[in-house]
Amino acid sequence: GAHLAGRTAGDSTGAYAFAFARAAEAAHGVQPPMRAVWLRALMAELERLANHFGDIGAICNDASFALMHTHCGMLRELVLRACDACFGHRLMRDRILPGGVTVDLSADGAELLGNLMRHIKAAFPELVELYDNTASLQDRTVGTGVLTSELARQYGCGGYVGRASGRAFDTRRTLAYEPYDQLQFEVAVRTEGDVDARVRVRMKEVDQSISIMDQILGRLPNSDLRTELPAHTGEIREGMGVVEGFRGDVLVWLRLDTGGRISRCHLRDPSWFQWPVLEAAIEGNIVADFPLCNKSFNCSYSGHDL
């Protein structure tokens, strides 16, 4: 699963591996250890944080507000360094696999993440205030690139694209899977459907990811890290996994042959449902606003070509 993720979209490596692992476990009828389940969610929220910081900064940079880009880039780098220190890889490649995870979180790692969260809690609200109080930036994002709620629902848009246009779909809540069914968090939803709304959904999700990580670190169970999958089952089996990546719902379906080998596999990136409506969102906007519209969607090119 991790290798498949690496060939699709590096920024979604964890989400793809997570979804692939869930699909393989469903096909085998195997339950991973609970510590692994909670560590996967922790990795997913770290990935969400890193990418949301990158997106928020890049959107502002496309409006020539480089200061926001710089500060968000610094926060993104801190998250990636924490991933490397805690799990051995900045993008957590090969950390999640069918049956569990390959690396544990040490006491020092948990302390590092606690310090990271405290730093973000102190620094990020100032960036939100900077965004709010920069009139020239607001002039570029508010009312730009509007995606109507009707189109978002018609095309099944998920992630920040759908939620910024009133579609309150989040697989962590709508199709709740462990451990999210045991965690408290809000699904960020806006109705304006413009670039500003997509930025603000990301901002709210940063706050919620910090809260989720705090809950996970406070309740991380003790168990093994991996359940071995059977070498073969003697029958054809199928499984499907859905995970909320930072762009939206990542789906993996696979079929195993009688020897337990993968005979068919379908991976669906959330950008499948977001690329078609980007055309509608940019219609009627000036040429200079195309980068803002495009980056506020941030659809995956490689993920769409699966």
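Residue positions are given per chain, counting from 1 as you read along its sequence in written order. Given that this is a predicted model, residues contribute local features only at a pLDDT of at least 70 and side-chain atom pairs are listed and counted only at 80 or more, while totals for whole chains, interfaces and linings are drawn from all residues. Note that water and hydrogens are dropped before the side-chain values are worked out from all heavy atoms of the structure.

## Considering unusual backbone geometry
The peptide bond linking Glu178 to Pro179 adopts the cis configuration, its omega dihedral lying at 0°. In DSSP terms, a helix is any run of H or I states spanning at least four residues, a strand is any run of E spanning at least two, and both are numbered starting from the N terminus. Looking at the element boundaries, Pro179 is found in the loop between α9 (171-174) and α10 (195-219). For Ser64, which is not a glycine, the phi torsion comes out positive at approximately 65°. Partly exposed describes any residue whose relative accessible area lies between the buried limit of under 20% and the exposed limit of over 50%, with all areas from a 1.4 Å probe on protein chains only and scaled to the type maximum. Here Ser64 falls in the exposed class, since its relative accessible area comes to 66%. Located in the positive-phi region is Met92, a residue other than glycine, with phi close to 55°. With respect to the helices and strands, the residue Met92 is situated in the loop between α4 (66-87) and β1 (96-97).

## Considerations on the pairing of strand β5 (residues 262-268)
Paired strands are those between which DSSP finds at least two bridges. Summarising the sheet, strand β4 (residues 249-256) and β5 pair through six bridges and their orientation is antiparallel. From the neighbouring strand, Trp253 faces β5, where its bridge partner is His266.

## Things to note about the packing of aromatic side chains
Here the aromatic set is Phe, Tyr and Trp, taking the six-membered ring for Trp, and pairing holds for ring centres within 6.5 Å; pairs whose planes are under 30 degrees apart are stacked, those over 60 apart are edge-to-face, and all others are tilted. Tallying each qualifying case throughout the model produces five aromatic pairs. A centroid spacing of 5.4 Å and a plane angle of 65° characterise the contact between Phe53 and Phe124, whose relative ring orientation is edge-to-face. Placement of Phe53 in helix α3 (residues 34-61) and of Phe124 in helix α5 (residues 107-132) is noted, with a sequence separation of 71 residues between them. Here Phe124 falls in the buried class, since its relative accessible area comes to 2%. Grouping aromatic residues by their ring pairs yields a cluster made of Phe18, Tyr177, Tyr180 and Phe185.

Note that every value here comes from positions in space, so none of it alone points to a role or purpose.
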